[in-house]
Amino acid sequence: MKVKICGLSRREDIEAANLIKPDYIGFVFAKSRRQVTKEQARALKQGLCPDIVAVGVFVDAPLEEILDLLEEGIIDMAQLHGNESEEFLRRLQRESQKPVIRAVQLGQQEEKQLQESIQRACASAADYLLFDSGKGNGVPFDWDCLKAVQRPYFLAGGLGVENIEEAASRLNPYAIDISSKAETEGLKDAKKMEDLTRLVHLIEEKEA
């Protein structure tokens, strides 16, 4: 089970990540309090340990913008949170030759609608899926709806020390995606980042 810490925006966040060694970190380019510009992300990526994968988070961004960031090596893969079509996703994969994550929001749906959303997601050409309750709203959802998913996916949505172990025991996610629970007063907290990453790695070792 891998660890992704999303929403890094300061040099201190990168320094903490380099010590803690999550498998992935996320730079948010969509409108958000965690949003970074291309130049900010470039400076942050230059300081990032090369064996940590940098993911760019987008909501309906132009293809050229995402390709530019991938081609310049500012990010290593893209995470799509908007209404991007399968054609858009495949073109992004083809032109960048880099992996793409399709995010799926599962909150506030009726059971039938929920299962249809999951089935559609599982048919996607994306390299990975990411299941969340909303667009980074930090709220958990009913994980049982994912029990039949066979594809590798990132699990997001209010994951912290109080529920990561339960999520891992009920599901088998490829990765745990952490954001708000690794923050204090809206900023990444190095101690929380470390505690959460260590917890996921301990669970992984126990299961191995």
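Note that the structure is predicted; figures quoted are calculated from it, not measured. (Residues numbered from 1 in each chain as written. Predicted model: local features only at pLDDT ≥ 70, side-chain atom pairs only at ≥ 80, totals over all residues. Heavy atoms only, no water.)

Asker: Would you mind going over the environment of Asp 195 with me for this structure?
Answerer: Secondary-structure assignment places Asp 195 in helix α7 (residues 190-207). With a relative accessible area of 25%, Asp 195 lands in the partly exposed category. Along the backbone, Asp 195 and Ile 20 are 175 residues apart, and their C-alpha atoms lie at a distance of 9.1 Å. Polar contacts involving the side chain of Asp 195 include one to the side chain of Lys 191, which spans 2.8 Å. (Helix = DSSP H or I, 4+ residues; strand = E, 2+ residues; numbered from the N terminus. Buried < 20%, exposed > 50% of the residue type's maximum accessible area, 1.4 Å probe, protein only. Polar contact = N/O pair within 3.5 Å; in protein donor to acceptor, adjacent residues only side chain to side chain.)

Asker: Explain the sheet that holds strand β5 (residues 100-105) here, please?
Answerer: Note on sheets: strands pair through backbone hydrogen bonds, and any given pair is parallel or antiparallel. Read once around its circumference, the closed barrel built from eight strands follows the order β1-β2-β3-β4-β5-β6-β7-β8, with strand pairing classed as parallel. Strand after strand, the sheet turns through a mean of 25° between neighbouring axes, direction not considered. Looking at chain direction, β5 and strand β6 (residues 128-132) are connected through five bridges and run parallel. Counterpart to Gln 105 in the pairing with β6 is Asp 132. Here α7 sits on the sheet and contacts β1 (2-6) and β8 (175-178); the angle it forms with β1, its principal contact strand, is near 160°. (Pairing = 2+ DSSP bridges. Axes fitted to C-alpha atoms, helices over the stretch in contact; angles between N-to-C directions. Contact = heavy atoms within 4.5 Å.)

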